[in-house]
Amino acid sequence: QVHLVESGGGAVQAGGSLRLSCDASGDTANYRYYCMGWFRQAPEMEREGVAGINSNNFAAYADSVKGRFAISYDNAKNTLYLQMTNLKPEDTAMYYCAKQPSLMASWLLLPSKYDYWGRGIQVTVSS
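Residues numbered from 1 in each chain as written. Predicted model: local features only at pLDDT ≥ 70, side-chain atom pairs only at ≥ 80, totals over all residues. Heavy atoms only, no water.

Enquirer: For this particular structure, what's the right way to read the overall build of the chain?
Expert: In terms of regular secondary structure, the chain is built from 0 helices and 11 strands. Along the chain, from the amino end to the carboxyl end, the secondary structure elements read β-β-β-β-β-β-β-β-β-β-β. What you see for the chain is a C-alpha radius of gyration of 14 Å, in line with the 14 Å of a compact globule of 127 residues. C-alpha extents for the chain along the principal axes are approximately 40 × 25 × 25 Å. Residues classed as buried in the chain amount to 43% of the 127 residues present. Summarising the internal contacts of the chain: among those between residues at least 6 apart in sequence, 63% fall at separations of at least 24. For the chain, the exposed area adds up to about 6600 Å²; of that, 48% sits on carbon and sulfur atoms. Once the 11 positive and 11 negative side-chain charges of the chain are each reduced to a mean point, those two points are 5 Å apart. (Helix = DSSP H or I, 4+ residues; strand = E, 2+ residues; numbered from the N terminus. Rg over C-alpha atoms; globule rule 2.2 N^0.38 Å. Buried < 20%, exposed > 50% of the residue type's maximum accessible area, 1.4 Å probe, protein only. Contact = heavy atoms within 4.5 Å. Areas by Shrake-Rupley, 256 points an atom, 1.4 Å probe, with all protein chains shown as cover. Lys, Arg positive; Asp, Glu negative; His and termini not counted. Charge placed at Lys NZ, Arg CZ, Asp CG, Glu CD.)

Enquirer: Quick question: what am I supposed to make of the sheet that holds strand 1 (residues 2-7) here?
Expert: Paired through their backbone hydrogen bonds, the strands of a sheet run either parallel or antiparallel. One open sheet accounts for 4 strands, arranged 1-3-8-7; its pairing is antiparallel. The sheet terminates laterally at strand 1 and strand 7 (69-74), the two strands that pair on one side only. Recorded for the sheet is a direction-independent mean angle of 15 degrees between the axes of neighbouring strands. One ladder, built from 6 bridges, connects strand 1 with strand 3 (residues 18-26); its direction is antiparallel. (Pairing = 2+ DSSP bridges. Axes fitted to C-alpha atoms, helices over the stretch in contact; angles between N-to-C directions.)

Enquirer: Looking at this structure, I do not really get the packing of aromatic side chains. What am I missing?
Expert: The geometry of an aromatic ring pair is captured by two quantities: the separation of the ring centres and the angle between the planes. Inspection of every chain in the model, using the stated rule, returns 5 aromatic pairs. Ring pairing ties together the aromatic residues Phe39, Tyr96, Tyr114 and Trp117, which thus form one cluster. The ring of Tyr34 has Lys99 lying over it, and the distance from NZ or CZ to the ring centre is 5.1 Å. (Phe/Tyr/Trp six-rings, centres within 6.5 Å; stacked < 30°, edge-to-face > 60°. Lys NZ or Arg CZ within 6 Å of the ring centre and 35° of its normal.)

Enquirer: Can you walk me through the pairing of strand 11 (residues 121-126) in this structure?
Expert: Each regular strand displays side chains that alternate between the two surfaces of the sheet. Going residue by residue along strand 11, you find Ile121, Val123 and Val125 tucked away on one face and Gln122, Thr124 and Ser126 left uncovered on the opposite face. Where strand 2 (residues 10-13) and strand 11 come together, 4 bridges link them in parallel fashion. Across the sheet, residue Gly10 finds its bridge partner in strand 11, namely Val123. By the bridge criterion, 3 bridges tie strand 9 (residues 93-100) to strand 11 in an arrangement that is antiparallel. From the neighbouring strand, Met94 faces strand 11, where its bridge partner is Gln122.

Enquirer: Can you walk me through the nonpolar core in this structure?
Expert: Here is a general trend for soluble globular proteins: nonpolar side chains tend to be buried in one another's company. By size, the foremost hydrophobic cluster in this structure holds 30 residues, and its most contacted members are Trp38, Leu80, Leu82, Met84 and Tyr95. For this core, the secondary structure elements donating two or more residues are strand 1, strand 3, strand 4 (35-41), strand 5 (48-54), strand 7, strand 8 (79-84), strand 9 and strand 11. Of all the elements, strand 3 adds the most residues to this core, at 4 residues. Not counting the four nearest positions on each side in its chain, Leu80 is found in contact with Leu20, Ser21, Cys22, Met36, Gly37, Trp38, Ile53, Ile71, Ser72, Tyr73 and Cys97. Counting 6 residues, the second-largest nonpolar core is a separate cluster that includes Cys35, Ala98, Leu108 and Tyr114. (Core = buried A, V, L, I, M, F, W, Y, C linked by side-chain atoms within 4.5 Å.)

Following this line, the structure appears as structure tokens:
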């Protein structure tokens, strides 16, 4: 099992920045091939892919966050990051970290393809 724990969320004014972190641990935390991603879910909305990255360092982003968010992974620390800048009220959601043992770039932003999930962390952006 892979255990994922998110941190770094909170409340921020529109135009501000936050950095989310996701610490990975467990028996399968050191996959050679993997995809890791950030997903979010707002009230009465479906869970959507925000950003994803695989072990070849290929990254994908939702159109709504391109140019504002950046995903990265620190192999030495087994930590996934999401740097969020120029935050908007519509970014308000619960954010989840996830991992799957695949290199499939086309699956990076698809929640149904991920096997392991964190509990989520709230991000609130006010006007």
